[in-house]
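Here is how the chains run, residue by residue.
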Amino acid sequence: MDSRVSELFGGCCRPATGGAGGALRGRGGPAPGSGGGGSKAKKKNGRSRGGKANNPPYLPPEAEDGNIEYKLKLVNPSQYRFEHLVTQMKWRLQEGRGEAVYQIGVEDNGLLVGLSEEEMRASLKTLRRMAEKVGADITVLREREVDYDSDVPRKITEVLVRKVPDNQQFLDLRVAVLGNVDSGKSTLLGVLTQGELDNGRGRARLNLFRHLHEIQSGRTSSISFEILGFNSKGEVVNYSDSRTAEEICESSSKMITFIDLAGHHKYLKTTIFGLTSYCPDFAMLVVSANTGIAGTTREHLGLAMALKVPFFIVISKVDLCSKATVERTVKQLERILKQPGCNKLPLLVNSDDDAVTAAQQFAQSPNITPIFTLSSVSGENLDLLKVFLNILPPLTNSKEQEELMQQLTEFQVDEIYTVPEVGTVVGGTLSSGICREGENLVVGPTDDGKFLRLKVCSIQRNRSACRVLRAGQAATLALGPFDRSLLRKGMVMVSPEMNPTICSVFEAEIVLLFHATTFRKGFQVTVHVGNVRQTAIVEKIHGKDKLRTGEKAVVRFRFIKHPEYLKIGAKLLFREGVTKGIGHVTDLQAITTKENGLEESLGPAQLSF
């Protein structure tokens, strides 16, 4: 992690500096690796087609892994060839966890050859047959014309193939929503999920608020979740045509779960908890066009980068501003994104074609940052964001997912409720393994470092019943009559076979992102590690007496209240006022008998039932 990201935290009041002006606008440029043979291919094309960089003569060569497949043509394949193609499609769908993109008219080396109208029609017919064979649906994303030594118009077609994996109800992506207070985050989510435009006075956001004071002030202070579905054909499924969340889940093959976070600085700890605990796949940074980069915008951007959450930017309220004001906000963002601490490549989205390019390049390259300009009142460019979200692929592949599912069960407790006639309910994310209805787990650590036995009575995902929960999925678990007072946020529910390591003292390698003076032994900070949030005291800074902004060191921390469950390598973020730092856990001092009164190190034998 580049320590220069500290500029985003420490410079909230400084004017942005760094590379000026012209970002890569709208067209995304040739994808990485497409530079080779560019000038040569342009000669073959005869013209540069108005300089449209998203229509390069070459794509990057086809990769063995991943969910993107190139096919020159699929005209009348033999039965043996057809079966081979179907097997290939299954592999690509598995790699993309249910989604694959086919480029028809492209050679394996990435050369854009194109097909005639008749050949393309026959190829799409074959592709549709292949999809039917595996139980998938196809959607044409876009068509492009190419000139390749031929007088006959030739086309390339990009097709999305989608199939819900057999062991899942739907594909699921989590998107955290960041941005300054009054930037229009909740209103945008209300418009996306309710299917109705805002009236300009915040009507669309009313259904998202959880507390009366939020409705009265118009400001989000807690974490709320909203869902947006897409069916297998890429059509939006939301509350405009479904009465309940359960209906949306049943009709959708892909689900986007938005985590609406607070924008006001006094709720910063809630926002950090949402980012560290709920493990979002992506972050959406909302910036108001009329105020630009103000308040906590720069800090939220820094948090996303510190936690390595890929983010895209939405500039809202463009209906309130002149075109010149919107352009000024875009340029302001471009300058910040190009700063040494960010090193991002802005990509302004102006058309459906741009949205498709942005979604694919965003997932492939961590340096690409798509920028959308839209209005929740007029609906301007709202469809471009929907196209982008529909195509956006998951970051983890099927192999990583399988490895996580084979590990022992570990569920992070993020929320605790009491529901009438149901009992105690906990919400959170399954970090590893598989959790089934009726399974026996242990939860802890308690204040004295013990784990308690409990039973999972039922499971719900996105407010609909679910029998099996898999690694990476968020859900709520009903625990029946289990005493709520024994639970707290930051606990974990694990398999009884696991020997969980708990500690009060741990060491971490940190970078001090911002501190007004010097960071010394005895300093108290609030530490965030996953779903753990607790005050800790700095016991020792190895090799140094003090730290200043931008410096690195290995630091020993001690929790001041109770022990916590931590893992070596876990990302860590700490804060106290304007002081902020990041790092990762390097060593744990596991609780032993002398500290908790047990005869030997805490293990399965000490579980309290």
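Bear in mind the structure is a predicted one, so any value in this text is a computation, not a measurement.

Quick look at the packing of helix α5 (residues 185-194) against helix α12 (residues 382-391) now. Orientation of α5 relative to α12, taken along the N-to-C sense of each, is 75°, at an axis distance of 12 Å. Put simply, α5 runs roughly perpendicular to α12. Contact residues: α5 offers Leu188, Val191 and Leu192, while α12 offers Leu382, Leu385 and Lys386.

Our next topic: the sheet that holds strand β4 (residues 137-146). Read from one edge of the open sheet, four strands run β2-β3-β5-β4, paired in mixed fashion. Every interior strand has two partners, whereas the edge strands, β2 (68-71) and β4, have only one. Each strand axis lies, on average, 20° off the axis of its neighbour in the sheet, ignoring direction. Taken together, the nine bridges between β4 and strand β5 (residues 154-162) define a ladder with antiparallel strand orientation. Across the sheet, residue Glu143 finds its bridge partner in β5, namely Thr157. Along the sheet, helix α11 (residues 352-364) contacts β2, β3 (99-104), β4 and β5; its crossing angle with β4, the most-contacted strand, is approximately 105°.

On to the environment of Ala359. With respect to the helices, strands and loops of the structure, Ala359 is situated in helix α11. Linking Ala359 and Leu389, residues 30 residues apart in sequence, is a C-alpha distance of 7.6 Å. Ala359 has contacts with Phe388, Ile391, Leu392 and Pro393, leaving out every residue within four places of it along the chain.

What follows covers the sheet that holds strand β15 (residues 423-432). The strand order β18-β17-β23-β14-β15-β22-β19-β20 describes an open sheet built from eight strands, whose pairing is antiparallel. Every other strand in the sheet has two partners, leaving β18 (452-455) and β20 (464-466) as the edge strands with one partner each. Each adjacent strand pair in this sheet contributes to an overall mean axis angle of 40°, direction not counted.

Counting through the fold element by element, Leu320 comes out in the loop between β11 (311-316) and α10 (323-337). Along the primary structure Leu320 and Gly200 are separated by 120 residues, whereas in three dimensions their C-alpha atoms are 9.7 Å apart.

Rules and cut-offs
Starting afresh in each chain, residues are numbered from 1 along the sequence in its written order. Totals for whole chains, interfaces and linings use all residues, but because this is a predicted model, local features are given only for residues with pLDDT of at least 70 and pairs of side-chain atoms are given and counted only at 80 or more. Only hydrogens and water are set aside when side-chain values are computed; all heavy atoms of the structure are taken into account. Structural elements are reduced to axes, namely lines fitted to C-alpha atoms, with helices fitted over the stretch in contact, and the angle between N-to-C directions of any two is expressed from 0 to 180 degrees. Secondary structure elements are defined from DSSP: runs of H or I of at least 4 residues count as helices, runs of E of at least 2 residues count as strands, and each element is numbered from the N terminus. Orientation is classified from the angle alone, with under 35 degrees giving roughly parallel, over 145 giving roughly antiparallel, 65 to 115 giving roughly perpendicular, and any other angle giving oblique. Between two residues, a contact is recorded if the distance between any of their heavy atoms is within 4.5 Å. The pairing criterion is simple: DSSP has to find at least two bridges between the two strands.

Read these as layout, nothing more, since geometry by itself doesn't imply function.
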